[in-house]
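The lines below spell out each chain.
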Amino acid sequence: MYTEIAYTESVRTTKGAINDAVLLLRGGDIVALPTETVYGLAADAFDSTAVAKIFEAKERPAFDPLIVHLPNLKWLPKVAVVPDDLREVIDALIKAFWPGPLTLVLPKTDAVPDIVTAGLPTVAVRMSDHEIFKKIITALDQPIAAPSANRFGRISPTSATAVSEELDGRIPLIVDGGACARGLESTIIRLEKARGPKPFIHILRAGPITAEDLKKFGKIVTEAHNEAVEANAPEAPGMLANHYAPTTPLRILSSPDDFRPEPGRRYALLSYRGDKKDGYLKLTDWAETLVLSPGSGKLPEAGIRFFHLLRQLDKLEDIDEIIAEPVPDRGVGAAIMERLRKAAAKSGV
Ligand code: TXA
Ligand code: MG
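Here the residue numbering is sequential within each chain, running from 1 through the sequence in written order. Going through the entries in the order they are written, you letter the chains from A and number the ligands from 1. Confidence filtering applies because this is a predicted model: local features only for residues at pLDDT of at least 70, side-chain atom pairs given and counted only at 80 or more, and all residues used for totals across whole chains, interfaces and linings. With hydrogens and water stripped out, all remaining heavy atoms of the structure feed into the side-chain values.

(A) Local environment of the nonpolar core. Each nonpolar core is a collection of buried residues, namely Ala, Val, Leu, Ile, Met, Phe, Trp, Tyr and Cys, held together in the definition by side-chain atoms within 4.5 Å. Residue burial is assigned from relative accessible area. The probe radius is 1.4 Å, only protein chains are included, and a residue is buried under 20% of its type maximum, exposed over 50%, and partly exposed in between. By size, the foremost hydrophobic cluster in this structure holds 49 residues, and its most contacted members are Leu 93, Leu 104 and Val 125. Contact criterion: two residues are considered in contact whenever any of their non-hydrogen atoms come within 4.5 Å of each other. Sequence-distant contacts of Val 125, defined by excluding residues within four places in its chain, comprise Val 68, Leu 70, Leu 76, Val 79, Trp 98, Leu 102, Thr 103, Leu 104 and Leu 106. Core analysis: the second largest hydrophobic core is formed by 28 residues, Ala 268, Phe 306, Ala 324 and Ala 335 among them.

Here's what the structure looks like:
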């Protein structure tokens with residue numbers, strides 16, 4: 001039922017691929033690299049011409065800034081300003097979560113080209129925890145700008161195959177590092193000094209580092225769902241545009257009672273646990289059912305599989321609509337629901 005996508009010549013796993021990636025990046029080219037969250041489309045962050053190639057390959061609008069990945073902590077002051085009144089909490093967050101899926105938005109230095117930050121005075125920074133990514137960025141010894149390696153607005157890639165489905169023919173190399181360990185893009189936060197000792201932590205994008213993980217470091221403010229805030233002053237400008245949209249229409253149910261199948265239409269189910277007791281499995285004769293966390297209902301597992309399964313469902317032919325069960329809106333579930341809502345809003349185009 002699935003189209004088998006053959007790996008192209010450009011997808012490589014060998015040591016040679018790591019060396020080639022470094023050479024291509026040094027030469028001002030772009031390459032797709034594995035990270036622990038999703039695959040990224042990488043360029044030397046200080047090379048504006050190389051970064052422009054990312055926007056071109058992804059068909060990404062220029063107003064949507066990129067995340068800058070650091071080789072090590074020595075690079076932080078070269079790209080970002082750590083405000084004195086937030087230094088303590090930033091140090092604590094870095095100690096707790098770097099390298100890993102937490103991105104900090106900080107004032108930028110002049111070293112970061114405007115094209116990377118879409119002209120914003122701030123820069124989003126993180127350190128990846130993927131072994132292959134770390135080898136490449138260490139050898140390059142430069143920060144790497146990298147958005148997710150999908151065409152603009154589409155489903156983020158969590159495997160080298162998914163990257164080749166998105167960008168084959170547009171980029172010279174995809175380094176295959178296997179399936180991504182987290183499967184959802186990094187959590188993005190901005191810090192704001194508050195009156196007490198703890199700052200406000202604005203969660204601009206929910207991700208693998210959860211509100212529950214962050215709350216001991218500050219007072220959590222969740223903004224990603226607040227459309228009024230987004231419309232007036234989008235804090236993460238790309239958030240408005242990022243929609244992870246499958247080409248097949250997608251609908252999220254709030255309960256099994258929400259669904260009345262129409263005769264003649266073919267539906268596929270994205271199930272949370274695949275448990276009959278949840279009441280979704282028997283709602284209709286599903287053309288396909290894929291399960292995010294079979295049996296156990298573990299949210300981190302659901303997060304790892306989310307984009308992969310959404311992509312599989314979107315590849316099915318003759319499906320009129322993808323029906324998604326809601327997952328619990330807490331922990332990693334909040335990140336899944338944020339992406340599902342955006343996917344539902346923009347799917348089918
Ligand atoms: O896990 C990840 O973060 C992956 C891997 C490759 O590192 N990258 C990723 O990049 O998801 P991208 O471009 O798909 O998403 C980056 C988001 C965009 O929505 C953008 O708006 C936001 O980060 N962003 C970047 N710079 C920002 C800034 N200065 N202020 C606010 N938001 C920013
Ligand atoms: Mg993206």
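(B) Spotlight on helix α11 (residues 299-315). Relative to the 24 Å expected for 17 residues at 1.5 Å per residue, α11 spans 24 Å between its end C-alpha atoms, a close match to the ideal helical length. One fitted axis covers the seven residues ending at a residue, a second covers the seven starting there, and the bend at that residue is the angle between these axes. Counting from the N terminus, the helices are the DSSP runs of H or I reaching at least four residues and the strands are the DSSP runs of E reaching at least two. At Phe 306, α11 shows its maximal bend, which comes to roughly 45°. All of the buried residues in α11 are Leu 299, Ala 302, Gly 303, Phe 306, Phe 307, Leu 309, Leu 310, Arg 311, Gln 312, Leu 313 and Asp 314. On its buried side, α11 packs onto α7 (160-167), β12 (250-252), β13 (267-271), β14 (288-291), β15 (321-324) and α12 (332-346). Multiplying one less than the number of residues by 1.5 Å gives the expected span of a helix.

(C) Structural detail: the sheet that holds β13. Read across the open sheet, the four strands follow the order β12-β15-β13-β14; overall the sheet is parallel. Whereas interior strands pair on both sides, the edge strands pair on one side only; in this sheet they are β12 and β14. Each adjacent strand pair in this sheet contributes to an overall mean axis angle of 20°, direction not counted. Two strands are said to pair when DSSP picks up at least two bridges between them. Sheet topology note: the β13/β14 ladder contains four bridges and is parallel. If you follow Leu 270 over to β14, its bridge partner there is Leu 290. What counts as an axis is a line fitted to C-alpha atoms, over the stretch in contact for a helix, and the angles between N-to-C directions run from 0 to 180 degrees.

(D) Broad picture of the environment of Pro 143. Examined against the element boundaries, Pro 143 turns out to sit in the loop between α6 (131-140) and β7 (144-145). Along the chain, Pro 143 and Val 112 lie 31 residues apart, while their C-alpha atoms are 9.6 Å from each other. Residue contacts for Pro 143: discarding those within four places in its chain leaves Ala 43, Asp 44, Ala 45, Phe 46, Val 68, His 69, Leu 70, Pro 71, Trp 75 and Val 79.

(E) Molecular detail of the pairing of strand β5 (residues 102-107). In terms of burial, β5 is a largely internal element, five of the six residues being buried. As paired elements, β5 and strand β9 (residues 187-192) share four bridges and run parallel to each other. In the sheet register, Thr 103 faces β9, and the bridge partner there is Ile 188. Bridge analysis of β5 against strand β6 (residues 122-126) gives four bridges, and the strand direction is antiparallel. Note on β6: the bridge partner recorded for Leu 104 is Val 125.

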